[in-house]
Amino acid sequence: MELQPEVGRWDVTPTEAVALQRRLVEQVVLRPPPGLKVERVAGADISTEKGRDTGFGGLVVLDAATLVPVAQAGAAVTLTFPYVPGLLSFRELPIVAEAWKRLTVRPDVVIFDGQGTAHPRRMGIACHGGLLFGVPSIGCAKSLLVGTYGKLADARGATAPITHKGEVVGMAVRTRKGVQPVYVSPGHLMDLPTAVELVLKVSPKYREPETTRHAHRLVNALRRAGGEAAELE
DNA sequence: GCGACAG
DNA sequence: ATCTTGTCGC
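If you check an unreviewed UniProt entry, chain A appears there as Endonuclease V from Pyxidicoccus fallax. Regarding chain A, the relevant UniProt record gives this comment under Subcellular location (unreviewed entry): "Cytoplasm".

Following this line, the structure appears as structure tokens:
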């Protein structure tokens, strides 16, 4: 029998998952590696269907300078954990991890569709994923899980700190004028300023990062295809 | 006890 | 997240 590292344990109950997060959070590093150069950025996402128990996940790697896709990988995995606010990683990461194994091009940073430290236990999917893959990561969500923020200007680039229980856990970032902001927080091997800077860089035209948009399109295509071609690169 | 609640 | 049509605004 293989001894599974705790960061890769999915056979847990919701109660055990919470306890596991409290241990894993101690391993998260909220500081980018010295001299980090971001040449390739990846987006991760999954897609599910109401009737089925199969989840489709994928990753798309973009050239950071041009935002053009340079590699991608997908996977179809049976869902084993329900959606529980605060425990999203236990539902989605098993699927993204399978796609990660099939990804031949390694990105310098991975942007997840969800929270990083802006989480009740500071252990959102971006933190968990960054630890699992051993790569710098960022959480960029479309809505808040916890925390509040004040007024922010309507111009693109405007920001407002997200606070929770007395600490800054993330930043509301307006990536497009007159549109609802996205919520950015560091995952692993990352800090808030760097995360905000990168998200703005990869979101030049639309509300969500190009990484997320590409990943979303990929997983939806896989789901509609029924999973027959989930191994495609 | 009541309300909130990433995707 | 997914289920779904049209509609308001730049």
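## Focus: the protein's contact with DNA strand B
Around DNA strand B lies a shell of 18 residues, among which Tyr-83, Gly-86, Gln-115, Lys-142 and Ser-143 are the nearest. Each atom of DNA strand B within 4 Å of the protein was assigned to sugar, phosphate or base; sugar and phosphate come to 49%. Note that a phosphate oxygen of DNA strand B is positioned 2.8 Å from one of the backbone N or O atoms of Lys-142. Among the residues making up the surface near DNA strand B, the classes are represented as eight nonpolar, six polar and four charged.

## Focus on the UniProt feature "binding site: Mg(2+)" (unreviewed entry) in chain A
Within the UniProt annotation, "binding site: Mg(2+)" (unreviewed entry) is assigned to Asp-45 and Asp-113. These annotated residues cover 69 residues of sequence, and their C-alpha atoms lie no more than 6.3 Å from one another, placing them together at a single site. Relative to the assigned elements, Asp-45 resides in strand β1 (residues 40-47). Contact partners of Asp-45, with chain neighbours within four places excluded, come to Phe-56, Gly-57, Gly-58, Val-96, Asp-113, Ala-215, His-216 and Val-219. Within the secondary structure, Asp-113 sits in the loop between β4 (109-112) and α3 (125-133). Among the residues examined, Asp-113 registers a relative accessible area of 13% and is labelled buried. Those residues within four positions of Asp-113 in sequence are excluded, and the remaining contacts are Ala-44, Asp-45, Leu-88, Cys-140, Lys-142, Glu-208 and Thr-212. Within polar-contact distance, the side chain of Asp-113 engages the side chain of Lys-142 at 3.1 Å.

Definitions and cut-offs
- Residues numbered from 1 in each chain as written.
- Chains lettered and ligands numbered in written order.
- Predicted model: local features only at pLDDT ≥ 70, side-chain atom pairs only at ≥ 80, totals over all residues.
- Heavy atoms only, no water.
- UniProt positions renumbered as here; feature names shortened; annotations may be inferred.
- Near = heavy atom within 4 Å.
- Polar contact = N/O pair within 3.5 Å; in protein donor to acceptor, adjacent residues only side chain to side chain.
- Nonpolar A, V, L, I, M, F, W, Y, C, P; charged D, E, K, R; others polar.
- Helix = DSSP H or I, 4+ residues; strand = E, 2+ residues; numbered from the N terminus.
- Contact = heavy atoms within 4.5 Å.
- Buried < 20%, exposed > 50% of the residue type's maximum accessible area, 1.4 Å probe, protein only.

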